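Now for the letters of each chain:
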Amino acid sequence: MIKLNDILNLTDLENVKVRFITKSGAKWNPIEIFKDSEASYRLLGDHYWNYKGQKSYKEGQITVGLARIKDNSWLLFHVGKITKDLDKLSAIGYEYEILSEYEKYFGRLIVRYKNTSQNLVRLASSVMDECEVEQILPDIFDNDIFPGYDKVNVCWNELSRLIEKDNWKTALQNQKGVYLMTDISNGKMYVGSAYGENMILGRWRAYVKSGHGGNVGLKQLTFYHIKQNFRYSILDIYKSTTDDQAIIDRESWWKEILQTRQFGYNEN
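Residues numbered from 1 in each chain as written. Predicted model: local features only at pLDDT ≥ 70, side-chain atom pairs only at ≥ 80, totals over all residues. Heavy atoms only, no water.

**What about the nonpolar core?**
- L172, M181, W204, Y207, L218, F230 and Y232 are the most contacted members of the largest nonpolar core, which has 26 residues in total.
- Mapped by element, the contributors of at least two residues to this core are α5 (156-162), α6 (166-172), β11 (176-183), β12 (189-194), α7 (199-210) and β13 (230-238).
- Sort the elements by how many residues they give to this core and α7 lands first, with five residues.
- Not counting the four nearest positions on each side in its chain, F230 is found in contact with V154, C155, W156, M181, T182, D183, L218, L221, H225 and Y265.
- Counting 24 residues, the second-largest nonpolar core is a separate cluster that includes V18, L99, Y113 and M128. (Core = buried A, V, L, I, M, F, W, Y, C linked by side-chain atoms within 4.5 Å. Buried < 20%, exposed > 50% of the residue type's maximum accessible area, 1.4 Å probe, protein only. Helix = DSSP H or I, 4+ residues; strand = E, 2+ residues; numbered from the N terminus. Contact = heavy atoms within 4.5 Å.)

This is how it looks when you write it as structure tokens:
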């Protein structure tokens with residue numbers, strides 16, 4: 001068994017803190033944020049955040065950031081040192097420097113640790129012996145394998161990143177189908193169908209580009225609202241040779257079942 005500190009070799013563990021960053025609701029998934037290069041700065045913001053009643057760190061402390069992948073698997077994304085305490089609560093509370101000697105492990109070192117505490121900022125001396133190295137990846141972590149049509153359930157940010165991954169493009173551009181969009185802010189749904197050029201891929205690219213994809217019922221919403229609140233899944237898939245009318249009929253059936261004309265965003 002190789003432990004995390006066998007790799008990091010940190011001394012004086014009483015002056016080191018480990019922060020375990022976990023999923024919080026539908027909008028905050030740390031591992032998805034890590035994979036989004038344009039949003040990854042938010043992960044460091046969360047790592048150096050002070051909550052209302054208590055500071056997370058002290059000046060001079062070394063900090064280790066682990067983002068939950070799933071269950072007991074965590075990805076090392078940061079090792080840094082506090083250079084200044086900004087004396088702020090409910091805010092990013094510190095200036096820091098990245099410890100460059102550890103950068104080669106960021107996004108590549110996966111740790112196994114079973115967390116049983118509500119406190120997610122822990123003294124390294126209390127957890128390091130339980131942090132086992134599960135894997136060191138040859139490249140930066142990326143688990144964006146297409147999960148199967150019946151397991152697609154992604155938010156707009158995830159969709160915008162995944163839609164151009166080769167395995168997602170291959171899966172979506174070869175299938176006609178009926179899909180579901182859900183507004184998690186109010187539970188309203190929109191049922192749509194895909195049978196034109198590039199099939200599901202083509203339709204979903206339109207949603208990534210504009211948010212509404214030309215649909216009247218969605219045009220009443222701001223693009224910002226859609227980006228923040230919409231999730232995308234697939235209800236039915238069909239071979240590319242399936243008659244388009246069969247897809248349209250199935251779309252209408254789902255609208256009836258889910259009552260998206262009466263209570264959702266479908267206008268027809």
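**Here we look at the sheet that holds β11**
- Read across the sheet, four strands follow the order β10-β13-β11-β12 without closing on themselves; strand pairing throughout is antiparallel. One side of each edge strand has no neighbouring strand; the edge strands of this open sheet are β10 (153-155) and β12. Averaged over all neighbouring strand pairs, the angle between strand axes comes to 25°, with direction disregarded.
- The pairing of β11 with β13 spans eight bridges and is classified as antiparallel. Residue pairing across strands places M181 opposite Y232, the latter belonging to β13.
- Sheet strands touched by α7: β11, β12 and β13. Its angle to β11, the strand with the most contacts, is close to 30°.
- Relative to the sheet, helix α10 (residues 244-258) contacts β11, β12 and β13, its axis offset from that of β12 by approximately 170°. (Pairing = 2+ DSSP bridges. Axes fitted to C-alpha atoms, helices over the stretch in contact; angles between N-to-C directions.)

**As for the environment of I2**
- Note on placement: I2 falls in the segment before α1 (4-8).
- Between the C-alpha atoms of I2 and S126, which are 124 residues apart in sequence, the distance is 17 Å.
- Excluding residues within four positions of it along the chain, I2 makes contact with I7, E132 and V133.

**Re the pattern of salt bridges**
- Summed over the entire model, instances satisfying the criterion amount to 14 salt bridges.
- The partner of D236 in a salt bridge is R250, and the shortest N-O contact between them spans 2.6 Å. Remark: R250 occurs in helix α10 and D236 occurs in strand β13; sequence separation between them is 14 residues.
- E251 is the partner of K255 in a salt bridge, and the nearest nitrogen-oxygen pair spans 3.5 Å. Of this pair, K255 and E251 both sit in helix α10, four residues apart, roughly one helical turn. As far as burial versus exposure is concerned, K255 and E251 are alike and both buried. (Salt bridge = Lys/Arg side-chain N within 4 Å of Asp/Glu carboxyl O.)

**A closer look at the packing of aromatic side chains**
- This structure, assessed with the given rule, holds 14 aromatic pairs.
- An angle of 80° between the planes, with centres 6.1 Å apart, marks the rings of Y179 and W204 as edge-to-face. Within this pair, whereas Y179 is found in strand β11, its partner W204 is found in helix α7, the two being separated by 25 residues in sequence. W204 shares its class with Y179; the two are buried.
- With centroids separated by 6.3 Å and ring planes inclined at 40°, the aromatic side chains of Y207 and Y232 adopt a geometry described as tilted. Note that Y207 is positioned in helix α7 and Y232 in strand β13, a separation of 25 residues in sequence. Each member of the pair, Y207 as well as Y232, is classed as buried.
- Three or more aromatic residues link up through ring pairs in this structure, and these residues are Y48, Y57, Y94 and Y96. (Phe/Tyr/Trp six-rings, centres within 6.5 Å; stacked < 30°, edge-to-face > 60°.)

**Remarks on the layout of surface pockets**
- There is about 1,100 Å³ of room inside the largest pocket.
- Around the largest pocket sit 44 residues that line it, and N29, E32, C155, E158 and R161 are the ones nearest its centre.
- Elements that contribute at least two residues to the lining of the largest pocket include exactly α2 (30-35), β3 (62-70), β10, α5, α9 (223-229) and β13.
- Among the elements that line the lining of the largest pocket, the one with the most residues is α5, at six residues.
- A class-by-class count of the residues in the lining of the largest pocket yields 19 nonpolar, nine polar and 16 charged.
- Estimated volume of the second largest pocket: approximately 370 Å³.
- Every element with two or more residues in the lining of the second largest pocket is listed here: β1 (16-21) and β8 (121-123).
- Here the lining of the second largest pocket is built from residues that sort into seven nonpolar, seven polar and five charged. (1 Å grid on protein atoms, 1.4 Å probe; cavity = no way out; pocket = protein on both sides within 12 Å on 5 of 7 lines; lining within 4 Å. Points joined across faces, edges and corners; volume = space filled by probe spheres on them. Nonpolar A, V, L, I, M, F, W, Y, C, P; charged D, E, K, R; others polar.)

**Describing the environment of E256**
- Looking at the secondary structure, you find E256 in helix α10.
- C-alpha separation for the pair E256 and M189, spaced 67 residues apart in sequence, amounts to 12 Å.

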